[in-house]
Structure formats: C-alpha cells, structure tokens
Amino acid sequence: MALKNQRKDLIRIGVFYDGNYFLHVSNYYNYFHQRKKRLNIAGLHEFIRHMVANEEGVDPNFCQLIEAHFFRGRISAQEASQRGNQLYNDRVFDDILMSEGVITHYLPIRPRGGRREDKGIDVWLALEAFEQTLYKRFNVLVLITSDGDYVPLIRKINSLGTKVMVLAWDFDYTDDQGREVTTRTSQELLREVTYPLPMHELINDGLKRKDKVVENLFAVQDYSQPRQATKETITDEEAKRARILSVNNGYGFIQYPPNNLFFHYQDVEDGEFEELIEGDMVEFVIGINEKGQEVAKRVRKVPDYDVNTW
C-alpha cells in the first residue's frame, strides 16, 4: 500500500491490555478457532506497529512501542495451587510478558456479596493510561479491551491530542459446558476512537492470504499448559484410573461409571492437554465443581498403557 505522506518523525505508541479480555480472546483462538493456537505477545506488538504505520501512512520503522502495560485481577497463590497447573502457568505467562518488556499490574480478586471481583483494576488502567500518555507523549494509545466503561478515558486522551486505537474482537462459540458465549465490543467505545480495528475480520482475512504479520500473531510462544518439573504424588487411596471417552476444545470426559467425569484443560498435569486422545489411560482424583457435581482433577496420562490394549 502506498504511503499517505512522507512523515519522518517517530510515532510513539503506548499499549494497554485489559488482561482478562486478552486472555479470553487468546483462549478462543487456542480452543475454539480453527487456528488452535494462542496469541503471541511479540507478534501482536509487531502487528500493532504495522497497523499504526498503515493508518499514519509511514514506514513501520517509524512506529515504535514506547511502553506496554498489562492489567489483571489475580487469585491468591494458595487458591491457584489448588487448580492444577494454574500457579505455574501464571508464572510462565509473567515470564513471557517480562521478556517482551510488558509492565504488569495486578490486584487481588476478592469475594464480594457472594461474587468474586477484581474491583479497581479498570480504574487503575485508566489512570495509568492517562498519566503515561501525558508524560510519555504517546502519539497513538492502543487499548486491548471491549469495555464501554473506558469511553471517558478515550475522551481525555483525545483532549491531549493523542489518537486512540482499539483492538476489537467480535465472535461466538459454545464453551466447555455447552453454554453459548458471545463477545462483542462496545459500539460507543468504537465511535470514540480514531482507529477501531475489527481484529476478528483482519485475522481471518490475513490467515486466508497467508499474511506474514498476521500469521506471526500465532507464532510459537506457548504459555497455555507448560509442563511442571515437580508435582506432589497422588496416593494409591486417592488415585483413580480410567480411559478418556472424548476430547473436545479445552475439555474432555473420562469413562468412569456410573457417570462420565468432566475435566478441564487446566486440570491436566505433567503434559499437554492437546496431547491427550480418545482411549488414553489417565490417572486422576475426583473433585467437586461449583455445581456440586463430581469432576476429574489432576489428570495425567499413564504412559505404560497402549490405546489398543484395553
């Protein structure tokens, strides 16, 4: 595409992640989209540089990320340690963010009125985004969010003369419990920004065209289900063994009378969820989910069994 002008001064970019939203989108691509891979932080930053360059009509070399910030509520270490590989996964993802120079901001998730809330994290994002734009003089502020609550922030950023780009995803899928999940970006939010990017369309189109920048959004950078070096041994009294009945997008069922047991990808230990196939013998313990139903926890493949010999 031809450049719109010959501007040569550096375009300074600041990126701010709504962490829960970003991980929701990344899970969608890993488990429900045909790509079956997570979003790559380095690839996403390169994509942003190219999109800003395209909109500003300059070479991507004149568009540089000055800062990137990631905001998310986080459960306690004790609770994470009881959720399969969750604690280890969180640390691996932190390592990836750190390696890409992303500054992390976390607030504890606390129970309030029977619900769990990461109260205040959106306010923190808005305050930090405004302050950093003011002092670092970003030319373009990039928000990765779908929340219309950030409209006042965008108006404040506009008043500073900084343009705002929003990475917006709209998609639908059925989750691992059979529920229909719809993700939409606030239309009010999109109306306020300079550069609204329909990411679902840009990605699908780019993958069809084998666009290198889009394909690099899914380059290998796996933080979804890393292997753990050590894990407490399941005792003989706790351990159960049975065959996997089926494996789906992010969940599966184990053949265990009188009912088949559901298990989630986060409950797989000592291996990758994606490595499991129908008929694999697995070891697990029985837990109770939030609905009071029995489910399989701490699921691990038993390597000594062959799929065809049971």
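How do you make sense of the sheet that holds strand β7 (residues 163–168) when you look at a structure like this?
Strand pairing in a sheet relies on backbone hydrogen bonds, with the paired strands running either antiparallel or parallel. Strand order in the open sheet formed by 6 strands is β3-β2-β1-β6-β7-β10, with parallel pairing between adjacent strands. Where the open sheet ends on each side, the last strands, each with one partner, are β3 (102–108) and β10 (195–198). Sheet twist, expressed as the average angle between the axes of neighbouring strands with direction ignored, equals 15°. Of the strand pairs in this sheet, β7 and β10 are connected by 4 bridges, and their pairing is parallel. Residue pairing across strands places M165 opposite Y195, the latter belonging to β10. Most of the contacts of helix α2 (residues 41–56) go to strand β1 (residues 11–18), to which it runs at about 130°, and overall it touches β1, β2 (63–74), β3, β6 (140–144), β7 and β10.

Sorry, what's going on with the packing of helix α5 (residues 121–136) against helix α6 (residues 151–159) here?
Angle between the axes and distance between the axes: these two values describe a pair of packed helices. Contact geometry of α5 with α6 gives a least axis separation of 10 Å together with a crossing angle of 5°. Judged by the angle between their axes, α5 and α6 are roughly parallel. Note on element contacts: α6 touches α5 through L153, K156 and I157, opposite L125, A126, A129, F130 and T133. Looking at side-chain class alone, the contact of α5 with α6 contains 6 nonpolar, 1 polar and 1 charged residues.

Before we go on, may I ask you to explain the confidence of the model for the chain in this structure?
A low pLDDT score tells you not to read the predicted coordinates there in detail. Model confidence for the chain is summarised by a mean pLDDT of 86, while 86% of its residues fall at 70 or above. Contacts for the low-pLDDT stretch residues 223–232, under 50 throughout, to residues beyond four places or in other chains number 42 contacts. Segment residues 305–310: pLDDT under 50, and 13 contacts once partners within four positions in sequence are set aside and those in other chains are kept.

What am I meant to see in a nonpolar patch on the surface here?
Taken together, the side chains of L134, Y135 and L160 make up a nonpolar region of the molecular surface, amounting to roughly 310 Å² of accessible area. With respect to the element layout, L134 can be found in helix α5. Here L134 falls in the partly exposed class, since its relative accessible area comes to 41%.

What am I meant to see in the pattern of salt bridges here?
Where charged atoms of side chains with opposite charge meet at close range, the side chains can pair. Going through the model one piece at a time under the given rule, you end up with 15 salt bridges. Across the salt bridge formed by K163 and E56, the nearest N and O atoms sit 2.9 Å from each other. Highlighted residues: K163 in strand β7 and E56 in helix α2, separated in sequence by 107 residues. For E56, a relative accessible area of 7% corresponds to the buried category. Here E192 ties to R155 by a salt bridge, and the two come within 2.9 Å at their closest N and O atoms. Of the two residues, E192 is situated in helix α7 (residues 187–192) and R155 in helix α6; the sequence distance between them amounts to 37 residues.

Before we go on, may I ask you to explain the packing of aromatic side chains in this structure?
For any pair of aromatic rings, the description rests on two quantities: the centre-to-centre distance and the angle between the ring planes. Counted by the stated rule, this structure contains 19 aromatic pairs. Between F171 and Y173 the ring centres are 6.0 Å apart and the planes differ by 25°, which places this aromatic pair in the stacked class. Residue classification places F171 among the buried residues on the basis of a relative accessible area of 5%. Taking the centre distance of 6.0 Å and the plane angle of 85° together, the rings of Y251 and F253 count as edge-to-face. By relative accessible area, F253 is classed as partly exposed at 28%. The structure contains a cluster of three or more aromatic residues connected by ring pairs, namely Y28, Y29, F32, F171, Y173 and F218. A cation sits over an aromatic face here: R74 above Y106, 3.9 Å from the ring centre.

Reading the values: the criteria
- Residues numbered from 1 in each chain as written.
- Predicted model: local features only at pLDDT ≥ 70, side-chain atom pairs only at ≥ 80, totals over all residues.
- Heavy atoms only, no water.
- Pairing = 2+ DSSP bridges.
- Helix = DSSP H or I, 4+ residues; strand = E, 2+ residues; numbered from the N terminus.
- Axes fitted to C-alpha atoms, helices over the stretch in contact; angles between N-to-C directions.
- Contact = heavy atoms within 4.5 Å.
- Parallel < 35°, antiparallel > 145°, perpendicular 65-115°, else oblique.
- Nonpolar A, V, L, I, M, F, W, Y, C, P; charged D, E, K, R; others polar.
- pLDDT = per-residue confidence, 0-100.
- Patch = residues over 30% accessible without salt bridge, like charges linked within 9 Å, V, L, I, M, F, W, Y side chains within 5 Å.
- Areas by Shrake-Rupley, 256 points an atom, 1.4 Å probe, with all protein chains shown as cover.
- Salt bridge = Lys/Arg side-chain N within 4 Å of Asp/Glu carboxyl O.
- Buried < 20%, exposed > 50% of the residue type's maximum accessible area, 1.4 Å probe, protein only.
- Phe/Tyr/Trp six-rings, centres within 6.5 Å; stacked < 30°, edge-to-face > 60°.
- Lys NZ or Arg CZ within 6 Å of the ring centre and 35° of its normal.

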